[in-house]
Amino acid sequence: MHHPAPDTALRHKTRPSWLRAAAVALAIAPAAARAEDPAPAAAAQPAQAAAPQALETHVGLIYRPQPAPSSYDAEAAPEDEGLAGAKMGIADNNTTGRFTKQTYVLDEVALTDDKPDAVAAAKELIGKGVRYLVLALPADAVLAVADAVKDTGAVVLNAGASDDRLRGAECRANVFHILPSRAMLTDALAQYLTVMRWRKLFLIVGPTDADKAYADAMRNSARKFALKITAEKPWTFGPLAKARGDTPTRAEAMVFTRGLDYDMAIVADEEGDWGDYVPYRTVDPRPVGGTQALTPTTWSPVLETWGAAQAQNRFRRLASRLMRPLDYQVWAAVRTVGEAVTAKKTNDPAVIAPYLVEPAFTLPAYKGVPLSFRPWDHQLRQAIIVVQPKALVSVAPEQGFLHQRTPLDTLGVDLPETTCKFK
């Protein structure tokens, strides 16, 4: 006859008392062992034992503060131009660094009449252990510093000199160029003129070496994009844009543009002495561009897309003013160090310098596309905005300008044309 199994409660009730006590002891013993023996707890947390140690990276900035203008000048460069950009870059690096146990420190040196030597400033920073030097200085100073620190392994980031020669015949292996070359700037303007079919140019060249270098770049860009310089004249009327009130030369300046056939006047005035005087004073109604009016540049307060508006606001809160191109360039230099150190988990320049030219390195910099360095001349590829004082007009590279690597390489000197042989 089949007998149903007794229920669970009945089975527990009918177990001998010694069996129930043994079962309880066996259940309690492993828990007690886990509580008393610390070895398994330590073994269960290998990640904590291997946690990365804190990494501190010092970034040096060498710059020359702008002197205060002798009289009111609405466009005068602020004294902390560049320095404010560096401070925002350090703050951004440290924001990321909180999650990666990395900290960044800015060591700035301001060159003054009492302390004018950039090489001495660089050696002072190197002596303190700084291995990343951001320079907001002219080309000759960049070369002098690069050569002076060549044997230290330091990485030099050029944020202030657009000279094409630094990317060509006088390039240095330890220098990385953050701001665009003049060739990149004039190529950006030339691409826009090509799209607009404004092919005939009147080139007006100022008296300084920088003005002449900009004019050379514009001539090369005109040839590259099949534009024609139908007229060229030197500016000989002085700094009219900075004059207070009208001057006797105004009538002469207007006659200066008479009888010429051109679609656009291109001014080469890097010091800003007279270029702003030309718009609306030509005999025939023609647009003006170049170093003033319609301008190719790295940064402008009118840039608001690709997250730039947030960057503009953060900078304004930090510096109580608008961000200028040099501020942006120094910011990008400091962020370059931060991005590379974060990716490689080391601040050893022997590791970071080669990594900067690898395809894996990119810099997000509010330009719509990630930026990267060209291996052949260490120039940072980047989009260039074409702006007028109150609005964004265009962004280069323009649509339709193609390249086998990236459209960004349609701006500036490409690999087949480079004269760079690293020293």
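Refer to the preceding data block for the structure.
The paragraphs below set out a description of the structure included in this document. None of the values given here were measured: they were computed from a predicted structure.

The rules we used
Residues numbered from 1 in each chain as written. Predicted model: local features only at pLDDT ≥ 70, side-chain atom pairs only at ≥ 80, totals over all residues. Heavy atoms only, no water. Helix = DSSP H or I, 4+ residues; strand = E, 2+ residues; numbered from the N terminus. Buried < 20%, exposed > 50% of the residue type's maximum accessible area, 1.4 Å probe, protein only. Contact = heavy atoms within 4.5 Å. Areas by Shrake-Rupley, 256 points an atom, 1.4 Å probe, with all protein chains shown as cover. 1 Å grid on protein atoms, 1.4 Å probe; cavity = no way out; pocket = protein on both sides within 12 Å on 5 of 7 lines; lining within 4 Å. Points joined across faces, edges and corners; volume = space filled by probe spheres on them. Nonpolar A, V, L, I, M, F, W, Y, C, P; charged D, E, K, R; others polar. Pairing = 2+ DSSP bridges. Axes fitted to C-alpha atoms, helices over the stretch in contact; angles between N-to-C directions. Salt bridge = Lys/Arg side-chain N within 4 Å of Asp/Glu carboxyl O. Phe/Tyr/Trp six-rings, centres within 6.5 Å; stacked < 30°, edge-to-face > 60°. Lys NZ or Arg CZ within 6 Å of the ring centre and 35° of its normal. Disulfide = S-S within 2.5 Å.

### Section: the overall build of the chain
And then number 1: When helices and strands are tallied, the chain shows 13 helices and 14 strands.
And then number 2: Taking all 423 residues of the chain together, 45% fall into the buried category.
And then number 3: Taking all contacts inside the chain whose residues are at least 6 apart in sequence as the whole, residues at least 24 apart take part in 68%.
And then number 4: In the form shown here, the chain has an accessible surface area of approximately 21300 Å², with 56% of it arising from carbon and sulfur atoms.

### A closer look at the environment of Pro287
And then number 1: Relative to the helices and strands, Pro287 resides in the loop between strand S8 (264-268) and strand S9 (288-290).
And then number 2: Along the backbone, Pro287 and Ala265 are 22 residues apart, and their C-alpha atoms lie at a distance of 6.4 Å.
And then number 3: Ignoring any residue separated from it by four or fewer positions in sequence, one finds Pro287 in contact with Trp198, Asp263, Met264 and Ala265.

### Re helix H7 (residues 139-148)
And then number 1: Taken together, the buried positions of H7 are Ala139, Ala141, Val142, Leu143, Val145 and Ala146.
And then number 2: Those residues of H7 hidden inside the fold are in contact with helix H6 (118-127), strand S3 (132-136), strand S4 (155-158) and strand S5 (175-177).

### Remarks on the layout of surface pockets
The probe, sized like a water molecule, is rolled over the atoms to show the empty space still left.
And then number 1: Computed from the structure, the second largest pocket encloses a volume of approximately 420 Å³.
And then number 2: Lining the second largest pocket are 25 residues, with Asp164, Ala183, Asn220, Gly412 and Val413 sitting closest to its centre.
And then number 3: When contributions to the lining of the second largest pocket are tallied by element, the ones reaching two or more residues are helix H8 (182-196) and helix H9 (209-224).
And then number 4: Element by element, the count of residues in the lining of the second largest pocket is highest for H9, at 6 residues.
And then number 5: For the lining of the second largest pocket, a count of residues per class yields 5 nonpolar, 9 polar and 11 charged.

### With respect to the sheet that holds strand S10 (residues 295-297)
And then number 1: With antiparallel pairing, 3 strands are arranged side by side in an open sheet as S10-S13-S14. The open sheet has two free edges, formed respectively by S10 and strand S14 (391-396), since each of these has just one partner strand. Across the sheet, the axes of successive neighbouring strands diverge by a mean angle of 30°, strand direction being ignored.
And then number 2: By the bridge criterion, 3 bridges tie S10 to strand S13 (residues 384-388) in an arrangement that is antiparallel. Of the residues in S13, the one forming a bridge with Thr297 is Ile385.

### Details of the sheet that holds strand S6 (residues 200-205)
And then number 1: If you walk across this open sheet you meet the 4 strands as S7-S6-S8-S9, and the pairing is parallel. Each edge of the sheet is formed by a strand with only one pairing partner; in this case those strands are strand S7 (228-234) and S9. Direction aside, the axes of adjacent strands within the sheet are offset by 30° on average.
And then number 2: Sheet contacts for H8: S6, S8 and S9; angle to S8, the most-contacted strand, approximately 175°.
And then number 3: H9 rests against S6, S7, S8 and S9 of the sheet, and its axis sits at about 165° to S6.

### Section: the environment of Val341
And then number 1: Inspection of the secondary structure assignment puts Val341 in helix H12 (residues 325-344).
And then number 2: What makes Val341 buried here is its relative accessible area of 0%.
And then number 3: In this structure, the C-alpha to C-alpha distance between Val341 and Leu55, residues 286 residues apart in sequence, is 9.4 Å.
And then number 4: Contacts of Val341, omitting those with residues within four sequence positions, involve Leu55, Thr57, Gln102, Tyr104, Thr346, Asn347 and Ile352.

### Some words on the pattern of salt bridges
And then number 1: Scanning the entire structure with this criterion turns up 21 salt bridges.
And then number 2: In this structure, Arg314 and Asp92 form a salt bridge, with 2.7 Å as the shortest nitrogen-oxygen distance. Taken together, the positions of Arg314 in helix H11 (residues 308-319) and Asp92 in helix H5 (residues 83-100) put the pair 222 residues apart, joining distant regions of the chain.
And then number 3: You can call Asp92 buried: its relative accessible area is 14%.
And then number 4: Between Glu270 and Arg182 there is a salt bridge; the shortest N-O distance is 2.7 Å. Pair noted here: Glu270 is in the loop between S8 and S9 and Arg182 is in helix H8, with a separation of 88 residues, a long-range link.
And then number 5: Residue classification places Glu270 among the partly exposed positions, given a relative accessible area of 33%.
And then number 6: Shared partners join several salt bridges into a network, and the residues in it are Asp140, Asp163, Arg165, Glu170, Arg182 and Glu270.

### Section: the packing of aromatic side chains
And then number 1: Summed over all chains, the structure comprises 16 aromatic pairs.
And then number 2: Of the aromatic side chains, those joined through ring pairs into one cluster are Phe202, Trp235, Phe237, Phe256, Tyr262, Trp274 and Tyr277.
And then number 3: Sitting over the face of the ring of Phe256, Lys233 holds its NZ or CZ atom 5.1 Å from the ring centroid.
And then number 4: The ring of Tyr262 has Arg286 lying over it, and the distance from NZ or CZ to the ring centre is 5.9 Å.

### Some words on the state of the cysteines
And then number 1: Inspection of the entire model under this criterion finds 1 disulfide.
And then number 2: In this model Cys171 forms its disulfide with Cys420; the gap between the sulfur atoms is 2.1 Å. The sign of the 95° torsion about the S-S bond sets the Cys171-Cys420 disulfide as right-handed. Of this pair, Cys171 sits in the loop between S4 and S5 while Cys420 sits in the segment after S14; the two residues are 249 residues apart in sequence, bridging distant segments of the chain.
And then number 3: Owing to a relative accessible area of 0%, Cys171 belongs among the buried residues under this scheme.

### Overview of empty space enclosed by the protein
And then number 1: Under the defined criterion, the tally for this structure stands at 3 cavities of 30 Å³ or more.
And then number 2: Reported here for the largest cavity is a volume of approximately 60 Å³.
And then number 3: Lining of the largest cavity is provided by Ile204, Trp235, Ala253, Met254, Phe256, Thr257, Tyr277, Val278, Arg281 and Thr282.

The values reported here are purely geometric and, on their own, carry no functional implication.
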